[in-house]
Amino acid sequence: MFPTLNLAGDVLIVERVSHRRGKVGPGDVVLVKSPVDPRKTITKRIIGVGGDWVTFPVGPGNGDRSRSVMVPKGHVWIQGDNMYASTDSRNFGPVPYGLILGKVFCRVWPPEGFGSISH
């Protein structure tokens, strides 16, 4: 799957209320404080929330091996849309819900990409 967002240059509108009210879930693209480097902010898609089982390929493109993980309560499982070039929960595990900074509402730049970010 190709990335939804460009590596650099996209301007996004992020709303910061939904995650505080517990209104984010699978399919939502969220802004998250990196669990690896707290000075960085990353944008990923929520794949699972507390209590969900998530199955993902181990070493995408290297066979049919997969792994299943249960997301602990109070955590989310995030992944990038480009599974071949994304550092995400497959690398660092479930992310505490408190690291979510906001939900991406829409892209406003570049003009040809203007619009809502779909599930």
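Residues numbered from 1 in each chain as written. Predicted model: local features only at pLDDT ≥ 70, side-chain atom pairs only at ≥ 80, totals over all residues. Heavy atoms only, no water.

This part takes up the pairing of strand S4 (residues 53-57). Of the two faces of S4, the one lined by Val54 and Phe56 is fully buried and the one lined by Trp53, Thr55 and Pro57 carries no buried residue. When S4 meets strand S5 (residues 66-70), the two strands line up antiparallel, connected through 5 bridges. Across the sheet, Phe56 pairs through a bridge with Arg67, a residue of S5. (Buried < 20%, exposed > 50% of the residue type's maximum accessible area, 1.4 Å probe, protein only. Helix = DSSP H or I, 4+ residues; strand = E, 2+ residues; numbered from the N terminus. Pairing = 2+ DSSP bridges.)

What follows concerns the nonpolar core. Counting residues in hydrophobic clusters, the biggest one holds 9 residues: Val24, Val30, Val32, Ile42, Ile46, Val76, Ile78, Val95 and Ile100. Looking at this core, the elements that each hand over two or more residues are strand S2 (29-33), strand S3 (41-49) and strand S6 (75-79). Core analysis: the second largest hydrophobic core is formed by 5 residues, Val54, Phe56, Val69 and Val71 among them. (Core = buried A, V, L, I, M, F, W, Y, C linked by side-chain atoms within 4.5 Å.)

So, about the environment of Trp53. The residue Trp53 is located in strand S4 in this model. We classify Trp53 as exposed; its relative accessible area is 60%. Remark: the alpha-carbon pair of Trp53 and Trp77, spanning 24 residues in sequence, is separated by 9.5 Å.

Here we take up the side chain of Ser86. Along the polypeptide, Ser86 turns up in the loop between S6 and helix H1 (89-92). Judged by relative accessible area, which is 13%, Ser86 ranks as buried. Engagement of the side chain of Ser86 in a polar contact is seen with the side chain of Lys44, the distance being 2.9 Å. A distance of 2.9 Å separates polar atoms of two side chains, one belonging to Ser86 and the other to Asp88. With sequence-adjacent residues up to four places away left out, Ser86 is seen in contact with Lys44, Gly80 and Asn91. (Polar contact = N/O pair within 3.5 Å; in protein donor to acceptor, adjacent residues only side chain to side chain. Contact = heavy atoms within 4.5 Å.)

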